[in-house]
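Residue-level structural notes
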Amino acid sequence: MVSLTINGQKVEVEPEATILQAAEKLGVFIPTFCYSPQLTLVGACRMCVVEVEGMRALVASCCTPVRDGMVVHTDTERVHTARKINLNLLLANHPLDCLTCEKNGNCRLQDYCYLYGVSESDFKGDRKDYALEDTNPFFIRDMNKCILCGLCVRTCHEINGAGAIEIMNRGFDSKVSAAFYDPLENSPCVFCGMCVDACPVGALTPKQSIGKGRSYELETVKTVCPYCGTGCGLELYVKNNEVVRVKGDPSNPVSRGQVCVKGHFGTDFLKSPERLTTPLIRKNGELVESSWDEALDLVAEKLKGVKGTELAGFSSARATNEENYLFQKLLRSLGTNNIDHCARL
Amino acid sequence: MTNSIGEIEDAGALLVIGSNTTETHPVIGYRMKMAKRKGAALIVVDPRRVDLAEHADLFLQLRPGTNEALLNGLIHVIIEEGLADEEFVRERTEGFAEMAAAVKKYTPGYVEEITGVAADDIRRAARLYAKAESAAIFYTMGITQHSSGTNNVLAVANLAMVSGNVGKRSAGVNPLRGQNNVQGACDMGALPNVVTGYQRVDHRDTQSKFKKDWGVKLPVAPGLTATEIIDGILDGGIKVLYVMGENPALSDANLNHVLEALAKVEFLVVQDIFLTETAAQADVVLPAAAFAEKHGTFTNTERRVQLVRQAVNPPGEARADWVILQELASRLGLGWSYGGPEEVFQEIARLTPSYAGISYKRLEEEGGLQWPCPDAEHPGTPYLHANQFAGGKGHFTPVEYQPPAEEPDAEYPLLLTTGRNLFHYHTGTMTRRSSAIGPFKPEEMAQISKEDAEKLGIEEGDLVKISSRRGEVKVKVQVTEIVPPGVVFMTFHFHEAAVNLLTNSKVDPVAKIPEYKVCAVKLEKAVP
Amino acid sequence: MYEKQILICAGTGCISSGSMHVQESLSEELKKHGLQDKVRIILSGCHGFCEKGPIFIVYPEDIFYCEVKVEDVPELVEEHLVKGNVVERLLYKDPVSEKRVFSHKDIPFYSKQKRQILRNCGVIDPENIDEYIIRGGYSGMKKALYMDPLEIINTVKSSGLRGRGGAGFPTGMKWEFGYRSPGDKKYVVCNADEGDPGAFMDRSVLEGDPHAVLEGLIIAGRAIGSDEAYIYVRAEYPLAIRRLRKAIAQAEEYGFLGNNILDSGTNFKINIKEGAGAFVCGEETALLASIEGERGIPRPRPPFPAVKGLWGKPTCINNVETLANVPLILRNGAEWYSAVGTEGSKGTKIFAVTGKVNNTGLCEVPMGISLREIVFDIGGGIRGGKKYKAVQIGGPSGGCIPEELLDLPVDFDSLTAKGAMMGSGGMVVMDEDTCMVDLARYFLSFTQSESCGKCTPCREGTKRMLEILERITQGKGEPDDIERLEKLALSVKDSALCGLGQTAPNPVLTTLRYFRDEYEAHIFDRRCPAGVCKDLLSYYIDPELCIGCRACTKACPAEAISGEKKEPHVIDETKCIRCGACFERCKKGAVKTR
Ligand SMILES: Cc1cc2nc3c(=O)[nH]c(=O)nc-3n(C[C@H](O)[C@H](O)[C@H](O)COP(=O)(O)O)c2cc1C
Ligand code: SF4
Ligand code: SF4
Ligand code: SF4
């Protein structure tokens, strides 16, 4: 273990730990844009800079390993100035349409500007002026809002492996894009949307949730994806009895926040107008609406009316364990083992 | 899966056979690519040049339906070159000699003749796999959906055991289950021969245990499987069919046969969230709640039981399946009175040794548990067979190559194989109704090779008629290098081009899985 | 046996002023006179005095001819070689005394120099390994091959050698890190990217004495336990690349490279990697990424390359000039080496002197020499008798040093203390006609366009700094721009990811420190004291000189000039767009600026 001091408090951490991790252990807050524990450390956004005694310049705490006896200050005037100027620089090149931005209330740029009291930029001059990219049905890319943290790019390369996007160009003209500035549809993008979940600002917006609710109005429910057998964890964001957005659940031990296009963007079948909403009974060859009592009575009567061996059931690989259990219990209680499901399909 | 998803990225080698993982199990596909970036050897075996093949160290493009031969070939090389894990074989297994004798004739040269894979590549694959510190095998329906599916699975097990890749981290035999809770449905005894936790229904202990708990006597004789049920209806033996959340009218092989049965059955109840092709045939349709509208648990492909939570209310009068079942039970005088899914789960845990230690409370706190989890202190089991196999020793079973039940001939010169794509799922009931995915991939595109397209004078986007001995469909084509000449690929996501009108319902004699993966077809240009 | 030798400079500078044509014509002339077996022509590396090229030296008498053209060759052969008369008109003329100088040793440009690293440049044929060996070459390597790695490291440590690539990191210490990093595969990398547009000493060393760099690499490899090196050299240096390839082939032939070098059991291989040319690719982590075939973009350090470098293996990266010092240290010992220099900076340093001095070119000086000596003795003072204003040291990453600091000793620490830096060794001398705000703008426009864009302070910050400077030089500066600029510059310096961003503010900060009044004049008086910033000039017509010819009236696109024919004219300042057309047109010099 290595011992160091942060803001006058002593802390012991593993020798491989970074200053940021040591600070986290102490509960000392350090702002970050480009940092993710799952991705390569790049030290690009410079929001997490701190002062280390004996070092000439500020250091990025996310990618600087601790040293024994290190003395760190995270809250000095010098650190604050650097962070404020950093935010100031970002704001000088960022639209200020928070009023209608989907990310409002859940945007790290907004949060940090609030924290450091940066309300508008001191700098004026050239700004990015890119066209909105909204040709795919899943999400909109507004690169005017991009702060070039690179989380999306690293997610695409290091988590997904698709490698559909890159930071193109250099310097002030840097821009995240698919090769040849093509739309994503013409790239290896598989529309997993993990880049969207990773973006700390409002540069990537899922289309399905536009106008459906402010982040702070939404209730989060953690559940499991209804599609393939991997069992990825999903976070469903709910407002007024409607799932308005889905994200991968970072706390899920199987998927660690990862998802594919189906789990991410394919669950709004829930709201389909084609959903069945009442029982139906075939009368004169037509399926007509009925009450539950009528339908259940009819089914019960038919189930009772045959020998067990004349009865068969297909259970569901999409229903819960409890429901599958009850289904086979029901059929077995009625005297049949003719139970199967599409496990084999 | 014998092993866990979280172990994939640390494997030394991955053998992915008959699985288009990046499309069917994308997140597992991510992990495979991660493993590859971390230095694992990646070997992909598939008739199609699937996406994962682009990332592979070695891609073996075999003829559809020749998996056992290839697997036997790999085992042959491993034994021949002294790469077998002798200690493992000696200590942990039995039946090696018979199996070894059976693979003797599967020399790389012979296997090349059958599979079309170069003998050298077979040798290289065997070495990459057997020499790795830990090597994991993954397969999906590409292995099981064959008339010889059970043999394939046995051959996979032979391969893993011969190289000692069982019972340790980042190794094992890992079928990737297709549907979110297909593992759970099996675990729960939604099968004709077993009740929960694979306890045989005809076993005396099972009978008495369940009788005591349920207060009813279980039928002893194993029931009929899905395909047998369909045949049973056509024979007249089955009169009432209760379908909960399935769509056999689109997903089952040789659809015409199934549709005939659904029309014939005396009383059909379908409980679903949409009026599926099957529900449309029903006498009574019961509206059910979807995944986000109810509580419960799912068990994923790595045997992990996870909580499913309700986020919104079901639409209209729709009800959760468990509520509907309980309502019926009470009308049938069974006297169920579950207060909710948690109580049902407690009953499951009580009756199922492998689930005995699992509770909602633990799932909430620990974020899922992998069975076997025999008691409340047990941490769950990330990988199976750590110290011994369930039945004591691992058993090698000799496997012989059998050609597919139906092979191309003069009349039906092409080989049709089926699967899924990234954007859709199963019969498309959910994905096609998603506002984003539905319009993005609105129609089926059958894949054919450039060579075949040229031969038949077909271009990308043309409408063609594909027919087999059982039926025909009309579909647009995509001309691609993904499929080799002689092979046609279609998904079963689209009712407009229901591929299962063509497929063969010839089933594997043991597992009763139809041979979706191979059947003979012909293809001709169609007029719209 | 040859009676005479003639050195013709074949460095890039002299080649571009025609030295190869001079050589061709010389061979012909020699043949004509039957002297081809008596006089030997040697194509040498750069002599540093490129401004006066092509350079042509006759030995043994050591007569230094400069600016020799093809037309001069017959006369040189006829007069000097045949008759033995020195051709005076082709000798170097001292700009101050106006006297002709015979030997290069008497030219002040050379006499104050201490040519250790450049000792072979301009003297030997760089394409001939034997000439290098005769002058002691590869003897340092031979020693090192039988030394313990730590002994080599300690020798370099006690020599006091610090990296010449910019940061001045102690070389011995870097090697020790590399040596102590565990790993069976390690790399040595020679940084020959030389991205500073004003510097060319690395090129000259590579062209003029390539074996010195190879020898340095072999010694470095032996010290840290590496068997493979990369030389990352910019593709715009084709001659250097060609000579390096040739040198490597010769060293291999002599058994100095390859397996089991001179039976010592040491293996060593040198690869050449041509760089794509971005300035930031000279930054060590970006350079490694570029060798690996990735985009040349800096990575955070730690991990330092000495621990995790090329393909994740321990890697020592050294600059060309640093490596060229190494054979000397091994050959002559640490004490010999550290005798030259100051407390913290040992040995010599090569500077590329340009700008408003009489003598421009490469000069190698002992560490600690004063700026005054470089500018006024070696550089021969300010051109045209103008007044010295400042010198920018260290290229675009460096800072400027004003007149009051002319006696500053030139070494790593003194320069850094004053806000400049040794950097690449570029040295631009400026006279009173230079606007310091415009200078800062000029250097910043270079770094801004070279920013890779990875980190926020540099990507966004250099852009905003440049915009403020542009504003000021355009006369649109705002009252709080100085404070805004200074705060931003300090913050970018303090928080950027790599050396490019950390040093880009230096020109701004030093001009603010030493020439703040010029900024203030631009902003508050709307005036450019040096008369450089066009938008701030105001044109007027001197009525004494104006003859009323109307040339200016016709030239003015803004119709701002009025006046009767043959009467003095006037410029309406409110209409003037400061294009300067009238200024250029007036034959009487009546149009003036203020
Ligand atoms: C933007 C930037 C450009 C650089 N360019 C060069 C270069 O062209 N040549 C060089 O030797 N070092 C350059 N360096 C310094 C290198 O990063 C590194 O410190 C040096 O090669 C180490 O060698 P040394 O210890 O021998 O000086 C540059 C640094 C930065 C930040
Ligand atoms: S959606 Fe997924 S695949 Fe597409 S760019 Fe984003 S991370 Fe990459
Ligand atoms: S789009 Fe978002 S995640 Fe990607 S670089 Fe820009 S700010 Fe970062
Ligand atoms: S300081 Fe500039 S050049 Fe260096 S990493 Fe940052 S953006 Fe790139």
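Each value, and the rule that gives it
- Residues numbered from 1 in each chain as written.
- Chains lettered and ligands numbered in written order.
- Predicted model: local features only at pLDDT ≥ 70, side-chain atom pairs only at ≥ 80, totals over all residues.
- Heavy atoms only, no water.
- Helix = DSSP H or I, 4+ residues; strand = E, 2+ residues; numbered from the N terminus.
- Buried < 20%, exposed > 50% of the residue type's maximum accessible area, 1.4 Å probe, protein only.
- Contact = heavy atoms within 4.5 Å.
- Areas by Shrake-Rupley, 256 points an atom, 1.4 Å probe, with all protein chains shown as cover.
- Lys, Arg positive; Asp, Glu negative; His and termini not counted.
- Charge placed at Lys NZ, Arg CZ, Asp CG, Glu CD.
- Rg over C-alpha atoms; globule rule 2.2 N^0.38 Å.
- Near = heavy atom within 4 Å.
- Nonpolar A, V, L, I, M, F, W, Y, C, P; charged D, E, K, R; others polar.
- Phe/Tyr/Trp six-rings, centres within 6.5 Å; stacked < 30°, edge-to-face > 60°.
- Lys NZ or Arg CZ within 6 Å of the ring centre and 35° of its normal.
- Pairing = 2+ DSSP bridges.
- Axes fitted to C-alpha atoms, helices over the stretch in contact; angles between N-to-C directions.
- Core = buried A, V, L, I, M, F, W, Y, C linked by side-chain atoms within 4.5 Å.
- pLDDT = per-residue confidence, 0-100.
- Buried area = accessible area lost by both parts, 1.4 Å probe.
- Salt bridge = Lys/Arg side-chain N within 4 Å of Asp/Glu carboxyl O.

**What to know about the overall build of chain B**
Each helix and strand counted, chain B has 19 helices and 23 strands in total. Taken along the three principal axes of its C-alpha coordinates, chain B extends 65 × 65 × 45 Å. When burial is assessed residue by residue, chain B has 63% of its 528 residues classed as buried. For chain B, restricting intrachain contacts to residue pairs at least 6 apart in sequence, the fraction spanning at least 24 positions comes to 69%. Of the accessible surface of chain B, which amounts to about 18400 Å², a share of 50% is contributed by carbon and sulfur atoms. Once the 53 positive and 68 negative side-chain charges of chain B are each reduced to a mean point, those two points are 2 Å apart.

**Observations regarding the overall build of chain C**
Scanning chain C for helices and strands turns up 24 helices and 19 strands. For 594 residues, the compact-globule formula gives about 25 Å, and the C-alpha radius of gyration of chain C, at 27 Å, lands near that figure. Dimensions along the principal axes, computed over C-alpha positions, put chain C at roughly 90 × 65 × 40 Å. Buried residues in chain C amount to 61% of all 594 residues. Total accessible area on chain C is roughly 22900 Å²; 50% of this is exposed by carbon and sulfur atoms. Taken as two groups, the 77 positive and 82 negative side-chain charges of chain C have centres that lie 2 Å from each other.

**Here's the deal with the site of ligand 3**
Close to ligand 3 lie 13 residues, the nearest being C146(A), C149(A), G150(A), C152(A) and C199(A). Along the lines of polarity and charge, the residues of the shell around ligand 3 split into twelve nonpolar, one polar and no charged.

**Focus: the packing of aromatic side chains**
Per the counting criterion, the structure on display carries 36 aromatic pairs over all chains. Between Y106(B) and Y110(B), the aromatic rings sit 5.5 Å apart at their centres with planes inclined by 50 degrees, giving tilted as the arrangement. On the numbers, 6.2 Å between centres and 50 degrees between planes, the contact of F376(C) with Y388(C) is tilted. Within this pair, whereas F376(C) is found in helix α15 (residues 371-378), its partner Y388(C) is found in strand β13 (residues 388-393), the two being separated by twelve residues in sequence. A relative accessible area of 32% places F376(C) in the partly exposed class. Each member of the aromatic cluster is reached from another via a ring pair, and the members are F49(C), F64(C), Y92(C), F109(C) and Y110(C). Over the face of the ring belonging to W371(B) we find R303(B), whose NZ or CZ atom lies 5.9 Å from the ring centre. Above the plane of the ring of F172(A) lies K463(C), whose end atom (NZ or CZ) is 4.6 Å from the centre.

**Description of the sheet that holds strand β5 (residues 135-139) of chain B**
Residues and elements named next belong to chain B. Within the open sheet, the five strands sit side by side as β3-β2-β1-β5-β6. Their pairing is parallel. The outermost strands of the open sheet, each flanked by one partner alone, are β3 (58-60) and β6 (172-175). Looking at each pair of strands side by side, their axes are set apart by 15 degrees on average, direction ignored. Pairing between β5 and β6: four bridges, direction parallel. Each residue of the ladder has a partner; that of A136, found in β6, is G172. Packed on one face of the sheet, helix α7 (residues 119-131) meets β1 (13-17), β2 (41-45), β3 and β5 and runs near 125 degrees to β3.

**A short note on the nonpolar core**
With 80 residues, the main nonpolar core has F33(A), L87(A), L109(A), F138(A) and F269(A) as its most contacted residues. It is helix α4 (residues 151-160) of chain A that contributes the most residues to this core, five residues altogether. Apart from the residues lying within four places of it in its own chain, the contact partners of L109(A) are F33(A), L87(A), L90(A), L91(A), H94(A), I147(A), P200(A) and V201(A). In this structure, I117(C), C121(C), Y237(C) and A251(C) belong to the second largest nonpolar core, which totals 62 residues.

**Remarks on the site of ligand 4**
What surrounds ligand 4 is a group of 13 residues, the closest being C452(C), C455(C), C458(C), C498(C) and G501(C). A per-class count over the shell around ligand 4 returns nine nonpolar, three polar and one charged.

**Quick look at the confidence of the model for chain B**
Where the model shows low pLDDT, its predicted coordinates should not be examined in detail. Per-residue pLDDT for chain B has a mean of 86; in total, 93% of the residues score no lower than 70. Per-residue pLDDT, averaged within each element of chain B, yields its smallest value for strand β22 (residues 514-515) of chain B (59) and its largest for strand β11 (residues 284-287) of chain B (95).

**What to know about the interface of chain B and chain A**
The interface of chain B with chain A comprises 150 residues on the first partner and 107 residues on the second. Area buried by chain B at its contact with chain A is led by Y30(B), F291(B) and R331(B), which between them contribute 7% of it. The partner of R331(B) in a salt bridge is D297(A), with the nearest N and O atoms 2.5 Å apart. Partitioned by chemical class, the residues of the side of chain B that touches chain A number 88 nonpolar, 36 polar and 26 charged. Bridge count for strand β13 (residues 280-283) of chain A against β11(B) is two bridges, and the pairing is antiparallel. Paired with I281(A) across the two strands is V284(B), which belongs to β11(B).

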